[in-house]
Amino acid sequence: TMAAHTLHNDYGAGWHLFGPALDIYTNELDLVEHLQGPSNMGNWGQDWVAYNVGGQYDGLSLNLGEGYYLAVAEGATMEVRGNPVIGDPVSSGGDVSLDKGWNLIANPLVNKIAKSSLNICEQDSTGACSGDDLGFEDAVDAGWIAPTVYGWFENSYTPIDRLMPFGGYWMNASRGLTVKVRPHL
């Protein structure tokens with residue numbers, strides 16, 4: 001299937017966790033510049049605000065696989081522009097790096113992905129995979145990753161089974177890990 005280079009997602013009033021679902025064009029990475037304007041989310045600070053896990057909102061880039069907080073005043077449609085992560089198989093563009101502790105991540109793909117289909121590897125000191133991949137349940141059993149992935153639904157955190165495009169999610173790792181997000185049938 002042909003994946004679009006411009007994607008849209010609707011947000012109701014309130015809080016959301018989100019990520020861009022595309023590898024944003026290099027010259028359009030600035031989060032505020034990319035998302036503000038009458039044909040997108042509207043005026044930053046009035047119609048919407050977004051910030052990263054550290055509470056920063058100034059000078060942010062829209063990074064593939066990174067999750068962000070988003071507050072929307074009255075509902076808006078987000079437009080993002082970039083390249084979809086494609087390929088058969090999908091390459092490392094579908095990889096999300098986790099640090100020890102809680103991580104706010106986003107689905108890097110335009111597909112919805114079952115949590116159970118994720119493959120996970122331990123990172124060495126350089127951040128590269130070392131050893132064999134484990135499936136999600138096996139990684140839970142090995143003590144690498146917490147079994148519950150949290151999304152945001154109806155103004156509260158809720159356990160999820162699927163990573164949706166544009167969705168942001170909290171994952172807890174006991175060590176540096178790479179989560180390999182790949183399409184599945």
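Each remark here, short or long, concerns the structure printed above.
Residues numbered from 1 in each chain as written. Predicted model: local features only at pLDDT ≥ 70, side-chain atom pairs only at ≥ 80, totals over all residues. Heavy atoms only, no water.

J.: Could you give an account of the packing of aromatic side chains, with specific residues and numbers?
T.: Following the criterion strictly, the structure yields nine aromatic pairs and no others. Ring centres 5.4 Å apart and planes at 35° place the aromatic pair Phe18 and Tyr68 in the tilted group. With Phe18 in strand β2 (residues 14-18) and Tyr68 in strand β5 (residues 68-72), the pair connects residues that are 50 residues apart, well separated along the chain. Each member of the pair, Phe18 as well as Tyr68, carries the same accessibility label: buried. (Phe/Tyr/Trp six-rings, centres within 6.5 Å; stacked < 30°, edge-to-face > 60°. Helix = DSSP H or I, 4+ residues; strand = E, 2+ residues; numbered from the N terminus. Buried < 20%, exposed > 50% of the residue type's maximum accessible area, 1.4 Å probe, protein only.)

J.: Help me get a handle on unusual backbone geometry, residues and values and all.
T.: If you check the backbone angles, Glu154 has positive phi at about 50° while not being a glycine. Despite not being glycine, Phe166 shows a phi value in the positive range, around 75°. Its location among the elements puts Phe166 in the loop between β14 (162-163) and β15 (168-173). Phe166 gets classed as buried once you look at its relative accessible area, which sits at 5%.

J.: Go over the side chain of Thr178 with me, naming the residues and quoting the values.
T.: As for its placement among the helices and strands, Thr178 is situated in strand β16 (residues 177-180). Side chain to side chain, Thr178 and Gln123 meet in a polar contact 3.0 Å long. Residues in contact with Thr178, not counting those within four places in the same chain, are Asp95, Val96, Asn119, Ile120, Cys121, Gln123, Gly127 and Cys129. (Polar contact = N/O pair within 3.5 Å; in protein donor to acceptor, adjacent residues only side chain to side chain. Contact = heavy atoms within 4.5 Å.)

J.: I'd like to hear about the state of the cysteines, residue by residue, with values.
T.: Scanning all chains against the criterion turns up one disulfide. Two residues, Cys121 and Cys129, share a disulfide whose sulfurs are 1.8 Å apart. Handedness of the Cys121-Cys129 disulfide follows from its S-S torsion of about -50°: it is left-handed. Exposure remark for Cys121: the relative accessible area of 0% places this residue in the buried category. (Disulfide = S-S within 2.5 Å.)

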